[in-house]
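# Summary of the model geometry
Below, each chain spelled out in residue letters.
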Amino acid sequence: MKSTDLIAVSTFRSTADAQIAKGILDEEGIESMIRSDNAGGMYPAIDEAELLVRLEDLQKAGGALQRRHRRSRTDKS
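What comes next is a walk through the structure. (Residues numbered from 1 in each chain as written. Predicted model: local features only at pLDDT ≥ 70, side-chain atom pairs only at ≥ 80, totals over all residues. Heavy atoms only, no water.)

## Here's the deal with helix α1 (residues 15–27)
We count it as follows: Only DSSP runs of H or I reaching four residues or more are called helices, and only runs of E reaching two or more are called strands; each is numbered from the N terminus. Expected span of a helix, by definition, is 1.5 Å for each gap between consecutive residues, and there is one gap fewer than residues. Note on classification: 1.4 Å probe, protein chains only; a residue is buried when its accessible area is under 20% of the maximum for its type, exposed when over 50%, partly exposed between these limits. The arc under discussion is defined with respect to the helix axis, by the directions toward the C-beta atoms.
Between its first and last C-alpha, α1 extends 18 Å over 13 residues, near the 18 Å set by a 1.5 Å rise per residue. Those residues of α1 lying buried are Thr-15, Ala-18, Ala-21, Ile-24 and Leu-25. Projected onto a plane normal to the axis of α1, the buried residues spread over an arc of 165 degrees and lie on a single side. Residues of α1 that are exposed and point more than 90 degrees away from the buried face comprise Ile-20 and Glu-27. Of the residues trailing α1, Gly-29 is marked for its positive phi of about 80 degrees.

As structure tokens, then:
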């Protein structure tokens, strides 16, 4: 997968959060990758991360993440 062929489905406050979301997409069979730059770990406070998918998977990926988010919110109620 080349990063020029990808689009951000979501942006996360940390790489760890992006990895969790990537796992959700993996379960759905959607290829994804995380793009993050925190200067090689020197600046962890700027650890924002984007979860990238192919354009043709964007809608499916967004739906999978929304379903999981809704499910986790109802589990807490």
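## Examining the environment of Ala-21
Position of Ala-21 among the secondary structure elements: in helix α1. For Ala-21, a relative accessible area of 4% translates into the label buried. With 40 residues separating them along the chain, Ala-21 and Ala-61 place their C-alpha atoms 9.7 Å apart.

## A few points about the nonpolar core
Applied cut-off: Buried Ala, Val, Leu, Ile, Met, Phe, Trp, Tyr and Cys residues form a nonpolar core when they are joined through side-chain atoms within 4.5 Å.
Residues Val-9, Leu-25, Leu-51, Val-53, Ala-61 and Leu-65 are the most contacted members of the largest nonpolar core, which totals 13 residues. Every element with two or more residues in this core is listed here: β1 (6–12), α1, β3 (49–54) and α2 (58–76). It is α1 that provides the largest number of residues to this core, a total of 4 residues.

## As for the side chain of Thr-15
Put simply, the test is: Any pair of N or O atoms that falls within 3.5 Å is considered a polar contact. Within protein, one atom must be able to donate a hydrogen and the other to accept it, and sequence-neighbouring residues count only if both atoms are side-chain atoms. Whether two residues touch is decided by their heavy atoms; if any such pair falls within 4.5 Å, the residues are in contact.
Mapping Thr-15 onto the fold places it in helix α1. Within polar-contact distance, the side chain of Thr-15 engages the side chain of Ser-36 at 3.4 Å. Apart from residues lying up to four places away in sequence, Thr-15 is in contact with Ile-34, Ser-36, Asp-47 and Ala-49.

## Focus: the pattern of salt bridges
Our working definition: Each reported salt bridge corresponds to a side-chain nitrogen of Lys or Arg within 4 Å of a carboxyl oxygen of Asp or Glu.
Following the criterion strictly, the structure yields 4 salt bridges and no others. A salt bridge links Asp-26 to Lys-22, with the shortest nitrogen-to-oxygen separation between them at 3.4 Å. Taken together, the positions of Asp-26 and Lys-22, both in helix α1 and 4 residues apart, correspond to about one turn of that helix. With relative accessibility at 22%, the residue Lys-22 sits in the partly exposed group. Note that Glu-28 and Arg-67 form a salt bridge whose closest N and O atoms lie 3.8 Å from each other.

## Observations concerning the sheet that holds β1
Adjacent strands of a sheet form backbone hydrogen bonds with each other and so pair up, either parallel or antiparallel. Our working rule: At least two bridges found by DSSP between two strands is the condition for calling them paired. Interaxial angles span 0 to 180 degrees and are taken between N-to-C directions of axes, which are lines fitted to C-alpha atoms, for helices over the stretch in contact.
Spatial ordering of the open sheet is given by β1-β3-β2, a layout of 3 strands whose pairing is antiparallel. Both outer strands of the open sheet, β1 and β2 (32–36), are each paired with one neighbouring strand and no more. Adjacent strand axes in the sheet meet at a mean angle of 30 degrees when their direction is disregarded. Along the sheet, α1 makes contact with β1, β2 and β3, crossing β2 at roughly 170 degrees.

In short, shape yes, function no, at least from these values alone.
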